[in-house]
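# Report on the structure
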Amino acid sequence: MPEPTSHTPEPVIVLRDATATLGARPVLRGVDLTVHRGEVVALLGANGSGKSTAVRSAIGQVPLTCGTVELFGTPLRRFRAWARVGYVPQRTTAAGGVPATIREVVSSGRLSRTRLGLPRKADRAAVDRAIELVGLADRARDSVNALSGGQHQRVLIARALAAEPELLIMDEPMAGVDLASQEILAATLREQVAAGTTVLLVLHELGPLEPLIDRAVVLRDGCVMHDGPPPKALGQHALPGHDHVHPHAASEPVRTGLLS
Ligand SMILES: Nc1ncnc2c1ncn2[C@@H]1O[C@H](COP(=O)(O)OP(=O)(O)OP(=O)(O)O)[C@@H](O)[C@H]1O
């Protein structure tokens, strides 16, 4: 685990002028996004604004037509330290119909750290800990096909955590997740953040994760329209009667015009 630092931390993700086209459609149009070590950054925006594409381009799943990506200070084309990165994709199931147990799926997330493919004691302990963190220790031997959507999501997060990543990228981790699972996920994330993990989250609304978010980047039509304190129009601040002042917020509320 990385150690929290008091001085300006180094950048873990840097997207510069990221431009991507899917089909004939420009989806990212010159996105600049930096996430520093230890930061928790929420990537927000309306449907189709390019959030998933931005995080997928950060890990090389979507090629850029222009611009650059660096992870941990290394240009993406030379980056090989994938064990340092945990990625939870959007809306997938843990098994895809394969009759695997929770433990088997979570163990697959440890492969990037397993020497010669043979799990050692430390690898087994990391897998156990990841399963425990998401509250599924008593179900470890169950088939993932028997899980609810929220439990699937917890398995996918445990799979990402099994490698003990320094950077966690999650695409809408709360989407379609029941309240009990949401609370477990928020607690899991809180623990990771306290240990110094850097987090980039795609979110539709801040919801229960709001207290953890240091900074919000809002996309609209593939462009960054806000980079700073979480917009007041999103998350719990949007609720009627909510008069809490966000600790990171500037004296003036941020007016993004989005979802407000
Ligand atoms: N494989 C693809 N081929 C063509 N267009 C695509 C493809 N994937 C995404 N798009 C389009 O790119 C745009 C951005 O998609 P993206 O998934 O990045 O948005 P998003 O902000 O994550 O949206 P959502 O909140 O709905 O998940 C959308 O208009 C989408 O329809």
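These numbers were taken from a predicted model, which means no experiment stands behind them.

This brings us to the site of the ligand. The local shell around the ligand holds 14 residues, among which N47, G48, K51, S52 and T53 are the closest. Separating an oxygen atom of the ligand from a side-chain N or O atom of N47 is a distance of 2.8 Å. When contributions to the shell around the ligand are tallied by element, the ones reaching two or more residues are β2 (25-36) and α1 (51-58). Among the elements that make up the shell around the ligand, the one with the highest residue count is α1 (three residues). Classifying every residue of the shell around the ligand gives three nonpolar, eight polar and three charged.

Looking at where V144 falls in the secondary structure, it is placed in the loop between α3 (121-133) and α4 (149-161). Placed 42 residues apart in sequence, V144 and I102 show a C-alpha to C-alpha distance of 5.5 Å.

This next bit is on α1. Helical geometry: 3.6 residues make up each α-helical turn, so side chains three or four residues apart lie on a common side. Most of α1 is tucked away, with six of its eight residues classed as buried. The complete set of buried residues in α1 reads K51, T53, A54, V55, S57 and A58. Where α1 ends, the next residue or the one after it, G60, has phi of about 80 degrees, a positive value.

On to the nonpolar core. Generally speaking, soluble globular proteins have nonpolar side chains that are buried together. In terms of nonpolar packing, the biggest core is built from 40 residues, with V106, L201 and L209 touching the most fellow members. Of all the elements in the fold, those that place two or more residues in this core are β3 (40-45), α2 (102-108), α3, α4, β7 (167-171), α5 (179-194), β8 (198-202) and β9 (215-220). Ranked by the residues each element gives to this core, the list is headed by α4, at six residues. Within the second largest apolar cluster, 29 residues are counted, among which are V12, L33, V41 and V85.

Applying the stated criterion to the full structure yields twelve salt bridges. Salt-bridge contacts for E166 lead to R37; the nearest nitrogen and oxygen are separated by 3.5 Å. A residue pair is termed long-range when its members are at least 10 positions apart, and E166 in the loop between α4 and β7 and R37 in the loop between β2 and β3 qualify at 129 residues. Here the two residues E166 and R37 agree in accessibility, since each one is buried. Linked through salt bridges whose partners overlap, the residues forming this network are E10, R37, R84 and E166.

The rules behind each value
- Residues numbered from 1 in each chain as written.
- Predicted model: local features only at pLDDT ≥ 70, side-chain atom pairs only at ≥ 80, totals over all residues.
- Heavy atoms only, no water.
- Near = heavy atom within 4 Å.
- Polar contact = N/O pair within 3.5 Å; in protein donor to acceptor, adjacent residues only side chain to side chain.
- Helix = DSSP H or I, 4+ residues; strand = E, 2+ residues; numbered from the N terminus.
- Nonpolar A, V, L, I, M, F, W, Y, C, P; charged D, E, K, R; others polar.
- Buried < 20%, exposed > 50% of the residue type's maximum accessible area, 1.4 Å probe, protein only.
- Core = buried A, V, L, I, M, F, W, Y, C linked by side-chain atoms within 4.5 Å.
- Salt bridge = Lys/Arg side-chain N within 4 Å of Asp/Glu carboxyl O.

Honestly, that's just the spatial picture; any functional story needs more than this.
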